[in-house]
Amino acid sequence: MSIESDILYDCLEERYSCRSFTAEKIKTEELRQILNAARLAPTAANNQPERIIVVENNILLEKLNEATRYTFDAKTILVICYDEKESWKRRNDMADYGIVDATLAASNMVLMATTLGIGSCYVASFDEEKVKFILSLPKEYHVALLIPIGYPKEVKAHNTRLDIEDIVEYR
């Protein structure tokens, strides 16, 4: 393997769902690198419907606890949305690929965060309407994920993963 692929592979192995963060605010430059990683994610037809809301305001962070119990007291929560007016729809059944595009952006962000020593956790358990109300999001925005991020209180090992043979089929 090349040095670059070794670095990526190490990052993939190191990433875990962090559920305990320090009170330290994420450095502006590191947050910008994480957000830029989202911008570089592929999207269907290059429509780029992903929208990221960075929540750092203490009042809003507290209110988000009304929409989910999984904020983990993070000082920054990334709310990953997609704009349905911008997302690509498959012609034969109008399946909306905005959630896929938003998730690809989210994946890039958590991997970049990992390389910077910043913890993150995908959160899909939330009340979307409450999140949209709390953050005054436009009606055409759909919330795909919440990602609490911050400096980990402790570093944990990656969870056990299934073997390749358990998840891949060749035909």
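Above this text sits the structure in question.
For the structure given in this document, a descriptive report is provided here. The residue numbering used here restarts from 1 in each chain and proceeds along that chain's sequence as written. Only residues with pLDDT of at least 70 are given local features in this predicted model, and only at 80 or more are side-chain atom pairs given and counted; all residues enter the totals for whole chains, interfaces and linings. Side-chain measures here rest on the full set of heavy atoms in the structure, leaving out hydrogens and waters.

Let's talk about the packing of aromatic side chains
Whether two aromatic rings pair depends on their centres lying within 6.5 Å, for rings of Phe, Tyr and Trp, where Trp uses its six-membered ring; planes under 30 degrees apart make the pair stacked, over 60 edge-to-face, and the rest tilted. Applying the stated rule across the entire model yields two aromatic pairs. Aromatic pair Tyr-70 and Phe-72: ring centres 6.1 Å apart, planes at 45°, arrangement tilted.

A few points about the pairing of strand β2 (residues 76–83)
Think of it in three bands: residues with accessible area under 20% of the maximum for their type are buried, residues over 50% are exposed, and the middle band is partly exposed, with areas taken using a 1.4 Å probe on protein chains only. Helical segments are the DSSP runs of H or I of at least four residues, strand segments are the runs of E of at least two, and each set is numbered from the N terminus. Along β2, eight of the eight residues are buried, which leaves the element largely enclosed by surrounding structure. A pair of strands counts as paired when DSSP detects no fewer than two bridges linking them. Pairing of strand β1 (residues 50–55) with β2, which is carried by six bridges, proceeds in the antiparallel orientation. Following the sheet pairing, Arg-51 is matched in β2 by Cys-81. Examined bridge by bridge, β2 and strand β4 (residues 141–150) share eight bridges and lie antiparallel to one another. By the bridge assignment, Ile-77 is partnered in β4 with Pro-148.

Re the nonpolar core
Put simply, a nonpolar core is a bunch of buried Ala, Val, Leu, Ile, Met, Phe, Trp, Tyr and Cys residues held in one set by side-chain atoms that sit within 4.5 Å of each other. Ile-77, Val-79, Val-131, Leu-135, Val-143 and Leu-146 are the most contacted members of the largest nonpolar core, which has 22 residues in total. Mapped onto this core, the elements with two or more residues apiece are α3 (58–64), β2, α5 (128–134) and β4. Residues contacting Val-143, with those up to four places away along its chain left out, are Val-79, Ile-80, Cys-81, Phe-126, Glu-128, Val-131, Lys-132 and Leu-137. Grouped together as the second largest cluster of nonpolar side chains are 20 residues, Tyr-82, Ala-106, Val-110 and Ile-149 included. Any pair of residues with heavy atoms lying within 4.5 Å of one another is described as a contacting pair.

Things to note about unusual backbone geometry
Although it is not a glycine, Gln-48 adopts a positive phi angle of roughly 50°. Relative to the helices and strands, Gln-48 is located in the loop between α2 (28–39) and β1.

Section: the pattern of salt bridges
When their charged atoms lie close together, side chains carrying opposite charge are able to pair. Criterion for a salt bridge: a side-chain nitrogen of Lys or Arg within 4 Å of a carboxyl oxygen of Asp or Glu. Taken as a whole, this structure holds four salt bridges when the rule is applied. Here Arg-171 and Glu-169 are joined by a salt bridge, their closest N and O atoms 2.1 Å apart. Glu-169 matches Arg-171 in its accessibility class, with the two residues each being exposed.

Brief notes about the packing of helix α1 (residues 3–14) against helix α4 (residues 98–115)
Lines fitted to C-alpha atoms define the axes here, with helix axes fitted over just the stretch in contact, and angles between the N-to-C directions of these axes take values from 0 to 180 degrees. Their axes nearest at 9 Å, the elements α1 and α4 cross at an angle of 100°. In terms of their interaxial angle, α1 and α4 are classed as roughly perpendicular. The segment α1 lies against α4, with Cys-11, Leu-12 and Glu-14 engaging Leu-111, Thr-114 and Thr-115. Here roughly perpendicular refers to angles of 65 to 115 degrees, roughly parallel to angles under 35, roughly antiparallel to angles over 145, and oblique to all remaining angles.

Here we look at the sheet that holds strand β3 (residues 119–120)
Hydrogen bonds between backbone atoms are what pair the strands of a sheet, whose relative direction is either parallel or antiparallel. The strand order across the open sheet built from four strands is β1-β2-β4-β3, with neighbouring strands paired in antiparallel fashion. Edge positions in the sheet fall to β1 and β3, since each of these pairs with one other strand and no more. The pairing of β3 with β4 spans two bridges and is antiparallel. Within β4, the position partnered with Gly-119 by the bridge is Gly-150. α4 contacts β1, β2, β3 and β4 of the sheet and is inclined by roughly 150° relative to β2.

What to know about a negative patch on the surface
Only residues whose relative accessible area exceeds 30% and that take part in no salt bridge are eligible for patches, with like-charged residues grouped when within 9 Å of each other and nonpolar side chains (Val, Leu, Ile, Met, Phe, Trp, Tyr) grouped when within 5 Å. Shrake-Rupley sampling with a 1.4 Å probe provides the accessible areas, and residues are treated as covered by the protein chains on show and by no other component. This count recognises Lys and Arg as positive and Asp and Glu as negative, with His and chain-terminal groups excluded. Where a charge sits is defined by one atom per residue type, namely NZ (Lys), CZ (Arg), CG (Asp) or CD (Glu). On the surface, Glu-4, Asp-6, Asp-10, Glu-13 and Glu-14 cluster together to form a negatively charged patch. Looking at the element boundaries, Glu-13 is found in helix α1.

Quick notes on the environment of Glu-13
Taking the relative accessible area as the measure of exposure, Glu-13 reaches 45% and is therefore partly exposed. When the C-alpha positions of Glu-13 and Lys-132 are compared, they lie 33 Å apart, and in sequence the two are 119 residues distant.

Shape is all these values report; function is a separate question.
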